[in-house]
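Letter by letter, the chains look like this.
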Amino acid sequence: MSVEKNTRKLDKGIVRDFSSRMSYASYLQLPTLLSAQQPVSRPEHHDELLFIIQHQTTELWLKLVLHELRSAAAWFRADDLGSALKGVARVKHIQKTLTEQWSVLATLTPTEYSQFRGFLGNASGFQSSQYRAVEFVLGNKNRRMLPVFESDPEAHSMLEEVLNAPSIYDEFLAYLARQGYDVPTSVLERDVTRAHEFCPELVPLFKHIYENAADNWAAYEACEELVDLEDNFQLWRFRHLRTVQRTIGMKSGTGGSSGAAFLQKALELTFFPELFAVRTEIGQ
């Protein structure tokens, strides 16, 4: 089919009548989705739409990340390593998108943001229940975060559920134990409602896996996938910190946190510390 006058003809088979058919817009509920951006600044500030869409799209991606991580944990529990790693691999791609997304928000200058920031009140990304849930699933459990969500029973219940469930790392270590690896009993029986802390007894196990990768390829590959996952998450945290510093400097956060200083501390948190500690031991 040729193009005439720089105009493309439509194929005869293209469906045009959607009076009794599902359309693209109805399937995706676009009227609802595209009407969910409601700026609160008065007069409405031009850049508030960017701020809203940035955070809404982040929440959509976090919903998928949480879905994939919880499924991956279940697949580890079912000894289905292939499906678990497929889920982790998908999350890694989402993480890259989320990290790149900060560059869009970084186009918001300090002057522009200051002109509508006051209208946000105490609304803050600190209150993202999905972000907290992702941290919990990865192992950074912190029960003291829950009171922030008491006014939202659904979010609070979801976080309670994730808090009380084994993290993806707990499930991976239990998987290794079932495969015959010498995982310490103290690790397998730990209180899963608390953050995972560095366990030096795990390092020799990972040293054995890494130094004998050919004989332990499945476990070795899984270890590296988890390392990628943490690396990507830390990159996201760093870009978040730098974007906040670029936009509001060292001001306190709208939710009452110390802002950039609070985010800086997050870079000291870790999900899989033994997988990084073992690198010092390999070859020695």
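Here, every reference points to the structure presented above.
Residues numbered from 1 in each chain as written. Predicted model: local features only at pLDDT ≥ 70, side-chain atom pairs only at ≥ 80, totals over all residues. Heavy atoms only, no water.

### Some words on the overall build of the protein
Then comes step 1: Along the backbone of the protein there are 13 helices and 0 strands.
Then comes step 2: Secondary structure elements of the protein, listed N to C terminal, follow the sequence α-α-α-α-α-α-α-α-α-α-α-α-α.
Then comes step 3: In terms of overall dimensions, the protein has C-alpha extents of about 65 × 55 × 40 Å along its principal axes.
Then comes step 4: Taking all 284 residues of the protein together, 43% fall into the buried category.
Then comes step 5: Sequence separation of at least 24 residues holds for 71% of the intrachain contacts in the protein that already meet a minimum separation of 6.
Then comes step 6: A distance of 8 Å separates the average location of the 30 positive side-chain charges in the protein from that of its 36 negative side-chain charges. (Helix = DSSP H or I, 4+ residues; strand = E, 2+ residues; numbered from the N terminus. Buried < 20%, exposed > 50% of the residue type's maximum accessible area, 1.4 Å probe, protein only. Contact = heavy atoms within 4.5 Å. Lys, Arg positive; Asp, Glu negative; His and termini not counted. Charge placed at Lys NZ, Arg CZ, Asp CG, Glu CD.)

### As for helix 3 (residues 48-77)
Then comes step 1: With 30 residues, helix 3 ought to run about 44 Å at 1.5 Å a step, and its terminal C-alpha atoms sit 43 Å apart, in line with that.
Then comes step 2: Phi for Asp79, located one or two positions after helix 3, is positive at around 60°. (Expected span 1.5 Å × (residues − 1).)

### Examining the packing of helix 10 (residues 203-211) against helix 13 (residues 273-281)
Then comes step 1: Viewed as axis vectors pointing N to C, helix 10 and helix 13 meet at an angle of 65°, and their least axial separation amounts to 9 Å. Classed by the angle they form, the pair helix 10 and helix 13 counts as roughly perpendicular. Note on packing geometry: the crossing formed by helix 10 with helix 13 is right-handed. Contact residues: Val203, Phe206, Lys207, Tyr210 and Glu211 in helix 10; Glu274, Leu275, Ala277, Val278, Arg279 and Glu281 in helix 13.
Then comes step 2: Classifying every residue of the contact of helix 10 with helix 13 by side-chain character gives 6 nonpolar, no polar and 5 charged. (Axes fitted to C-alpha atoms, helices over the stretch in contact; angles between N-to-C directions. Parallel < 35°, antiparallel > 145°, perpendicular 65-115°, else oblique. Left-handed = near helix turned anticlockwise from the far one by under 90°. Nonpolar A, V, L, I, M, F, W, Y, C, P; charged D, E, K, R; others polar.)

### Here we look at the state of the cysteines
Then comes step 1: Considering all chains together, one arrives at 0 disulfides under this definition.
Then comes step 2: The structure places no disulfide on Cys223, whose sulfur is separated from the nearest cysteine sulfur, that of Cys199, by 14 Å.
Then comes step 3: With relative accessibility at 0%, the residue Cys223 sits in the buried group. (Disulfide = S-S within 2.5 Å.)

### Section: helix 10
Then comes step 1: Every buried residue of helix 10 is accounted for by Val203, Leu205, Phe206, Lys207, Ile209 and Tyr210.
Then comes step 2: Check the buried side of helix 10 and you find it contacts helix 8 (168-178), helix 11 (217-248) and helix 13.

### Some details on the side chain of His45
Then comes step 1: Tracing the backbone through its elements, the reader meets His45 in the loop between helix 2 (30-34) and helix 3.
Then comes step 2: Of the polar contacts made by the side chain of His45, one reaches the side chain of Gln115; its length is 2.6 Å.
Then comes step 3: Sequence-distant contacts of His45, defined by excluding residues within four places in its chain, comprise Glu112, Gln115 and Phe116. (Polar contact = N/O pair within 3.5 Å; in protein donor to acceptor, adjacent residues only side chain to side chain.)

### Here's the deal with the nonpolar core
Then comes step 1: Counting residues in each nonpolar core, the largest one holds 68 residues, and the members touching the most others are Phe172, Leu176 and Phe206.
Then comes step 2: Per-element tally for this core: the top contributor is helix 11, with 11 residues.
Then comes step 3: When sequence neighbours within four positions are dropped, the list of residues in contact with Leu176 reads Tyr181, Val183, Leu205, Phe206, Ile209 and Ala219. (Core = buried A, V, L, I, M, F, W, Y, C linked by side-chain atoms within 4.5 Å.)

### So, the packing of aromatic side chains
Then comes step 1: Going through the model one piece at a time under the given rule, you end up with 15 aromatic pairs.
Then comes step 2: Ring centres 6.3 Å apart and planes at 45° place the aromatic pair Phe233 and Trp236 in the tilted group. Taken together, the positions of Phe233 and Trp236, both in helix 11 and 3 residues apart, correspond to about one turn of that helix.
Then comes step 3: By relative accessible area, Trp236 is classed as buried at 11%.
Then comes step 4: A centroid spacing of 5.0 Å and a plane angle of 90° characterise the contact between Phe233 and Phe271, whose relative ring orientation is edge-to-face. A residue pair is termed long-range when its members are at least 10 positions apart, and Phe233 in helix 11 and Phe271 in the loop between helix 12 (260-266) and helix 13 qualify at 38 residues. There is no split in this pair, since Phe233 and Phe271 are both buried.
Then comes step 5: Put simply, the rings of Trp102, Tyr131, Tyr169, Phe233, Trp236, Phe271 and Phe272 pair up and form one aromatic cluster. (Phe/Tyr/Trp six-rings, centres within 6.5 Å; stacked < 30°, edge-to-face > 60°.)

### Things to note about the environment of Ile282
Then comes step 1: Tracing the backbone through its elements, the reader meets Ile282 in the segment after helix 13.
Then comes step 2: With 74 residues separating them in the primary sequence, Ile282 and His208 have C-alpha atoms 8.8 Å apart.
Then comes step 3: Setting aside residues no more than four positions away along its own chain, Ile282 makes contact with Lys207, Tyr210 and Glu211.

This is a description of form; function is not addressed.
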